[in-house]
Structure formats: C-alpha cells, structure tokens
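Working through the structure, step by step
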Amino acid sequence: MHHVTRDEQHEQQGRHGHQGHDSRRADHTGHAGHTDRSAHAGHTAHAPGKADWPMAARATLHCLTGCAVGEILGMVIGTALSWGNTETMVLAIILAFAFGYTLTLRSILKAGVDFRTAFRVALAADTLSIAVMELIDNGVIVLWPGAMDAQLADALFWGALTLSLTVAFAVTTPVNKWMIGRGKGHAVVHRYHH
C-alpha cells in the first residue's frame with residue numbers, strides 16, 4: 001500500500017491547480033476568440049446587400065414623402081382647375097414620381113455625383129418602390145366609396161388619403177427590404193453616402 005507523502009500531495013495539487021488555471025485560460029482564450037468572431041459578425045451586418053426592417057422602412061418613408069407631396073399637389077391642382085377624377089389622378093401620379101425621384105436625386109447630388117449618374121441611380125432606386133406605392137395608394141382611394149369625389153375640404157378626402165398612404169407604406173416596405181437585400185433599390189443610393 002502506497003502512502004502519499006505531504007510533498008507528493010502538494011505536487012499533485014499544484015499540478016491540478018495549474019491544469020485548472022490552464023483550462024480557465026483556454027476558456028478565456030476561447031471567449032476572446034468568440035468575442036472577435038461576434039465583433040466580425042456585427043461588422044458584416046453592415047455589408048452591402050444586408051437589409052433589415054429599419055433600413056427598408058427608412059427607404060419606404062423616403063419614397064412615401066415624395067409620393068405624398070406629389071399626390072396632394074396633383075389633387076389640389078386638379079380640384080382647383082375643376083378637372084375630372086382621371087385627369088387629376090394621372091397628374092397626381094406623375095407628380096408623385098417626380099417628387100419621389102427629386103428627393104433621391106437631391107441626396108445623391110449632395111454626395112458629389114454628376115447629374116447623369118445621379119439621375120440613373122434615382123431611377124434604379126425608386127421606380128419599383130414608387131410604382132408599388134402608387135398602385136396600392138390609388139387602388140385604396142378608387143375602392144373606397146365616395147373617396148374619388150371627395151373635395152379637399154372633406155374629412156373623407158384626408159381620411160382616405162391617410163389610410164391609402166398607410167397601406168401603401170405597409171405593402172411597399174417588404175418590397176424595399178427584398179430589393180435592398182439583393183443590392184438593388186435604395187442599396188444603390190447607400191453606396192453613394194459612404
């Protein structure tokens with residue numbers, strides 16, 4: 001029978017203690033490596049082609065602003081000139097596209113891009129987004145009973161317009177997210193802001 005001396009016990013404890021310390025160090029190194037990887041993952045989240053909902057919502061809100069200004073202006077002009085529903089709606093859609101493109105064009109030109117390139121980028125970035133928004137927006141107004149004949153002073157006019165723009169925003173945001181995720185739409189605009 002072997003009796004462990006006090007020196008042997010101390011040596012074994014020392015060895016176990018160092019092993020435990022080494023394993024903790026290995027764990028710590030493992031965590032450091034993990035931290036580095038998660039920092040890297042956070043960095044790649046901002047890579048082109050990566051789309052999140054807030055980014056898509058901002059792109060849609062940008063389009064919605066131009067569309068709303070153009071539509072309201074078109075309806076005001078059409079009503080003031082006593083135009084029919086069709087002529088007023090066509091003018092409102094044309095102005096919605098014009099104001100939508102203008103807002104994007106303005107931001108790209110501020111980045112120092114020449115007008116021709118900026119115009120092409122604005123067309124690529126906004127055409128589908130504005131088209132979907134206008135389709136939904138005008139569809140809601142056409143389907144809402146009495147909304148087409150409502151005047152600017154009527155609560156129905158503003159209520160229908162508010163609802164139609166809200167629905168258009170809700171439908172267009174996923175479209176913008178899909179486009180940004182594929183490097184299209186407002187993803188193209190973001191390249192000129194970095």
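As the structure is a computational prediction, the values presented were derived from the model and not from experiment.

1. Considering the overall build of the protein chain
The secondary structure content of the protein chain amounts to six helices and zero strands. Scanning the protein chain from its N terminus toward the C terminus, one meets helices and strands in the order α-α-α-α-α-α. Buried residues in the protein chain amount to 31% of all 194 residues. Summarising the internal contacts of the protein chain: among those between residues at least 6 apart in sequence, 70% fall at separations of at least 24. Of the roughly 12100 Å² of accessible surface on the protein chain, 64% is carried by carbon and sulfur atoms.

2. Things to note about the packing of aromatic side chains
Applying the stated criterion to the full structure yields three aromatic pairs. For the ring pair F97 and Y101, a centre distance of 5.9 Å and an interplane angle of 50° mean the geometry is tilted. Highlighted residues: F97 and Y101, both in helix α3 (residues 85-110), separated by four residues, approximately one helical turn. Ring centres 4.8 Å apart and planes at 85° place the aromatic pair F157 and W158 in the edge-to-face group. Classification of F157 as buried rests on a relative accessible area of 7%. Assessed through its relative accessible area of 37%, W158 is described here as partly exposed. The ring of W53 carries the charged tip of K177 above its face, separated from the ring centre by 5.0 Å.

3. With respect to the packing of α3 against helix α4 (residues 115-143)
Look at α3 against α4: their axes get within 8 Å of each other, and the N-to-C directions meet at 145°. For the element pair α3 and α4, the recorded crossing hand is right-handed. Taken together, the residues of the contact of α3 with α4 break down into 18 nonpolar, four polar and two charged.

4. What to know about the nonpolar core
In terms of nonpolar packing, the biggest core is built from 18 residues, with M75, M133 and L161 touching the most fellow members. Where this core is concerned, the elements lending two or more residues are α2 (53-80), α3, α4 and α5 (155-181). The contact partners of M75, leaving out residues within four places of it in the chain, are T88, A92, I141, F157 and L161. Counting six residues, the second-largest nonpolar core is a separate cluster that includes L105, I108, V113 and A118.

5. Quick look at the layout of surface pockets
Each pocket or cavity is described by its volume, and for the second largest pocket that value is around 280 Å³. For the second largest pocket, the lining is made up of 20 residues, of which T79, N85, T88, M148 and A150 are closest to its centre. Elements represented by at least two residues in the lining of the second largest pocket include exactly α2, α3, α4 and α5.

6. So, the environment of G70
Mapped onto the secondary structure, G70 falls in helix α2. Expressed as a C-alpha distance, the spacing of G70 and F99, which sit 29 residues apart in the sequence, is 5.8 Å.

7. Description of α4
Because an α-helix packs 3.6 residues into every turn, residues spaced three or four apart end up facing the same way. End to end, α4 covers 39 Å across 29 residues, agreeing with the expected 42 Å (1.5 Å per residue, within 8%). At D126, α4 is deflected by roughly 45°, the largest bend along its length.

8. What about α2?
For α2, built from 28 residues, the straight-helix expectation of 40 Å at 1.5 Å per residue is met to within 8% by its first-to-last C-alpha distance of 39 Å. Downstream of α2 by a residue or two, S82 has a phi angle that is positive, lying close to 55°.

9. Overview of a nonpolar patch on the surface
Residues L109, F115, F119 and L123 make up a contiguous nonpolar surface patch of about 340 Å² in total accessible area. In terms of residue count, α4 provides more of the nonpolar patch than any other element does, three residues in total. Judged by its relative accessible area of 30%, L123 is partly exposed.

Conventions and cut-offs
Residues numbered from 1 in each chain as written. Predicted model: local features only at pLDDT ≥ 70, side-chain atom pairs only at ≥ 80, totals over all residues. Heavy atoms only, no water. Helix = DSSP H or I, 4+ residues; strand = E, 2+ residues; numbered from the N terminus. Buried < 20%, exposed > 50% of the residue type's maximum accessible area, 1.4 Å probe, protein only. Contact = heavy atoms within 4.5 Å. Areas by Shrake-Rupley, 256 points an atom, 1.4 Å probe, with all protein chains shown as cover. Phe/Tyr/Trp six-rings, centres within 6.5 Å; stacked < 30°, edge-to-face > 60°. Lys NZ or Arg CZ within 6 Å of the ring centre and 35° of its normal. Axes fitted to C-alpha atoms, helices over the stretch in contact; angles between N-to-C directions. Left-handed = near helix turned anticlockwise from the far one by under 90°. Nonpolar A, V, L, I, M, F, W, Y, C, P; charged D, E, K, R; others polar. Core = buried A, V, L, I, M, F, W, Y, C linked by side-chain atoms within 4.5 Å. 1 Å grid on protein atoms, 1.4 Å probe; cavity = no way out; pocket = protein on both sides within 12 Å on 5 of 7 lines; lining within 4 Å. Points joined across faces, edges and corners; volume = space filled by probe spheres on them. Expected span 1.5 Å × (residues − 1). Bend = angle between axes of the 7 residues up to and from the residue. Patch = residues over 30% accessible without salt bridge, like charges linked within 9 Å, V, L, I, M, F, W, Y side chains within 5 Å. Salt bridge = Lys/Arg side-chain N within 4 Å of Asp/Glu carboxyl O.

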